[in-house]
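In case you want the letters, here they are:
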Amino acid sequence: MTSELSFSPASPRPPHPGTFVVLEGGDGSGKSTQARILAARLEEAGHDVVLTREPGGTEVGERLRELVLRQGQGEIDPHTEALIYAAARAAHAHQLIGPALERGAVVVCDRYIDSSAAYQGAGRGLGEGPVTALSRWATEDLQPDLTVVLDVPLADARERMGGRGDGADRLEAEPDAFHSRVNASFARLAERAERGRAAVDGTGAVEAVAARVWDAVEPLLGTPRPADEGGGEGLR
Ligand code: TYD
């Protein structure tokens with residue numbers, strides 16, 4: 001008897017009334033700033049908005065973030081690292097993102113599955129395919145409606161990060177060759193230009209980038225569904 005491990009989600013997810021937008025890009029691409037600006041703009045437009053991030057967004061996710069990003073806590077091999085990110089994502093999808101989408105919110109998430117494909121798949125060499133399959137299983141295939149990939153040349157991104165100095169986390173502290181593989185992976189994903197992904201030029205003034213991000217997101221949005229008594233709170 002052969003027993004095969006399959007990472008295919010058990011059954012397709014039912015549709016939800018919300019909108020799920022992810023911001024992706026290498027370290028120093030400015031996606032956290034852009035996620036905040038986008039969320040504020042959506043709120044102004046009257047939407048029920050949840051701004052969240054990975055790894056993180058739930059209590060267990062924030063603990064796993066500490067574990068995987070803080071330096072000096074012992075060795076973490078690539079497979080363990082991939083599973084920690086996937087575990088944080090499973091909690092995020094089941095406990096926060098899924099319920100928010102079911103009540104009709106717009107979820108703006110700073111990083112998601114493509115980050116694992118780029119960092120653990122390409123950066124660590126585990127392969128984009130298996131790492132993506134693991135996350136699809138972990139989230140029961142909760143997919144973004146749109147992933148905005150911010151495109152910033154590595155040299156510019158490293159310069160933006162320069163100010164972080166010794167405060168670099170475990171991944172940021174990796175050498176340029178690692179970050180080149182990560183950026184090349186994001187560029188490949190964006191180039192495929194398949195439904196649900198948009199490459200946005202992340203260079204130039206913050207406001208100019210924000211306008212490009214808004215142009216990519218706006219066509220997705222329906223009539224605002226304001227937060228009711230049921231919720232509407234972001235975690236950060
Ligand atoms: P990020 O929140 O962008 O860092 P910062 O606080 O500096 O804005 O992301 C944390 C780091 O985790 C970043 O270096 C990318 C990495 N990462 C992965 O390697 N795999 C993943 O699946 C995710 C979500 C992040």
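This text follows the structure it describes.
Scoring rules and cut-offs
- Residues numbered from 1 in each chain as written.
- Predicted model: local features only at pLDDT ≥ 70, side-chain atom pairs only at ≥ 80, totals over all residues.
- Heavy atoms only, no water.
- Helix = DSSP H or I, 4+ residues; strand = E, 2+ residues; numbered from the N terminus.
- Buried < 20%, exposed > 50% of the residue type's maximum accessible area, 1.4 Å probe, protein only.
- Core = buried A, V, L, I, M, F, W, Y, C linked by side-chain atoms within 4.5 Å.
- Contact = heavy atoms within 4.5 Å.
- Salt bridge = Lys/Arg side-chain N within 4 Å of Asp/Glu carboxyl O.
- Near = heavy atom within 4 Å.
- Polar contact = N/O pair within 3.5 Å; in protein donor to acceptor, adjacent residues only side chain to side chain.
- Areas by Shrake-Rupley, 256 points an atom, 1.4 Å probe, with all protein chains shown as cover.
- Nonpolar A, V, L, I, M, F, W, Y, C, P; charged D, E, K, R; others polar.
- Pairing = 2+ DSSP bridges.
- Axes fitted to C-alpha atoms, helices over the stretch in contact; angles between N-to-C directions.
- Parallel < 35°, antiparallel > 145°, perpendicular 65-115°, else oblique.
- Left-handed = near helix turned anticlockwise from the far one by under 90°.
- Phe/Tyr/Trp six-rings, centres within 6.5 Å; stacked < 30°, edge-to-face > 60°.
- Lys NZ or Arg CZ within 6 Å of the ring centre and 35° of its normal.

Visitor: Would you mind showing me how to read unusual backbone geometry here?
Guide: Trans is the common state for peptide bonds, and a negative phi is the common state for residues other than glycine. Between E54 and the following residue, P55, the backbone shows a cis peptide bond with an omega angle of -10 degrees. Looking at the secondary structure, you find P55 in the loop between β2 (49-53) and α2 (59-69). Even without being glycine, R111 reaches a positive phi, approximately 80 degrees. Along the chain, the position of R111 falls in the loop between β3 (106-110) and α4 (113-123). A residue is classified by how much of its surface remains accessible, and R111, at 10% relative accessible area, is buried. A positive phi angle is found at D141, which is not glycine, with a value near 60 degrees. Its place among the elements puts D141 in the loop between α5 (128-138) and β4 (146-151).

Visitor: Please clarify how the nonpolar core should be interpreted in this entry.
Guide: Nonpolar side chains in soluble globular proteins tend to end up buried together. Of all hydrophobic cores here, the largest spans 20 residues; its most connected members are L23, L38, L42, V108, V148, V213 and V217. Where this core is concerned, the elements lending two or more residues are β1 (19-24), α1 (31-44), β2, β3, β4, β5 (197-201) and α8 (206-217). With residues up to four places along the chain from it excluded, the contact list for L38 reads V21, L23, V108, V213, W214 and V217. Y85, A118, Y119 and F178 belong to the second largest nonpolar core, which has 16 residues in total.

Visitor: When you look at the pattern of salt bridges in this model, what are you seeing that I'm missing?
Guide: When charged atoms on two side chains of opposite charge get close, those side chains can pair. Counted under the stated rule, the structure contains 15 salt bridges. Between R111 and D27 there is a salt bridge, with the nearest N and O atoms lying 3.8 Å from each other. With R111 in the loop between β3 and α4 and D27 in the loop between β1 and α1, the pair connects residues that are 84 residues apart, well separated along the chain. Assigned by exposure class, R111 and D27 land together as buried. One network of salt bridges, in which partners are shared, links E81, R124, R170 and E174.

Visitor: Explain the site of the ligand to me, please; I cannot follow it from the model alone.
Guide: Taken together, the neighbourhood of the ligand is formed by 17 residues, with K31, R111, S116, Q120 and E172 sitting nearest. In this structure, Q120 approaches the ligand through a side-chain N or O atom, which is 2.8 Å from a nitrogen atom. One of the side-chain N or O atoms of E172 is found 2.7 Å from an oxygen atom in the ligand. Contact with the protein chains removes 91% of the 550 Å² of surface that the ligand exposes when unbound. Of all the secondary-structure elements, those providing two or more residues to the shell around the ligand are α1, α2, α3 (78-102) and α4. With 4 residues, α4 is the single largest residue contributor to the shell around the ligand. Residue classes in the shell around the ligand are distributed as 5 nonpolar, 4 polar and 8 charged.

Visitor: Teacher, can you tell me more about the sheet that holds β2 here?
Guide: Strands belonging to one sheet form pairs held by backbone hydrogen bonds; the direction of such a pair is parallel or antiparallel. Pairing is parallel in the open sheet, where 5 strands are placed in the order β2-β3-β1-β4-β5. The open sheet has two free edges, formed respectively by β2 and β5, since each of these has just one partner strand. Taken pair by pair, the neighbouring strands of this sheet meet at an average axis angle of 20 degrees, ignoring direction. Sheet topology places β1 next to β3; 5 bridges connect them, and they run parallel. Note on β3: the bridge partner recorded for L23 is D110. This element, α8, spans β1, β4 and β5 of the sheet and lies at about 155 degrees to β4.

Visitor: Any chance you could explain the packing of α3 against α5 here in plain terms?
Guide: How two helices pack is summed up by the angle between their axes together with the distance between the axes. Where α3 meets α5, the axes come as close as 8 Å, and the angle between the chain directions of the two elements is 30 degrees. Compared by their axis directions, α3 and α5 come out roughly parallel. α5 is crossed by α3, and the crossing has right-handed handedness. In contact with A82, L83, A86, R89, A90 and H94 of α3, α5 contributes L134, S135 and A138. Looking at side-chain class alone, the contact of α3 with α5 contains 6 nonpolar, 2 polar and 1 charged residues.

Visitor: Even after reading the chapter, I still don't get the packing of aromatic side chains, so can you show me in this structure?
Guide: Both the distance between ring centres and the angle between the ring planes are used here to describe each pair of aromatic rings. Overall, the coordinates contain 3 aromatic pairs when judged by the stated rule. Within the aromatic cluster, the residues linked to one another by ring pairs are Y119, F178 and F186. One Lys or Arg, R89, reaches over the ring of Y112 and ends 5.6 Å from the middle of that ring.

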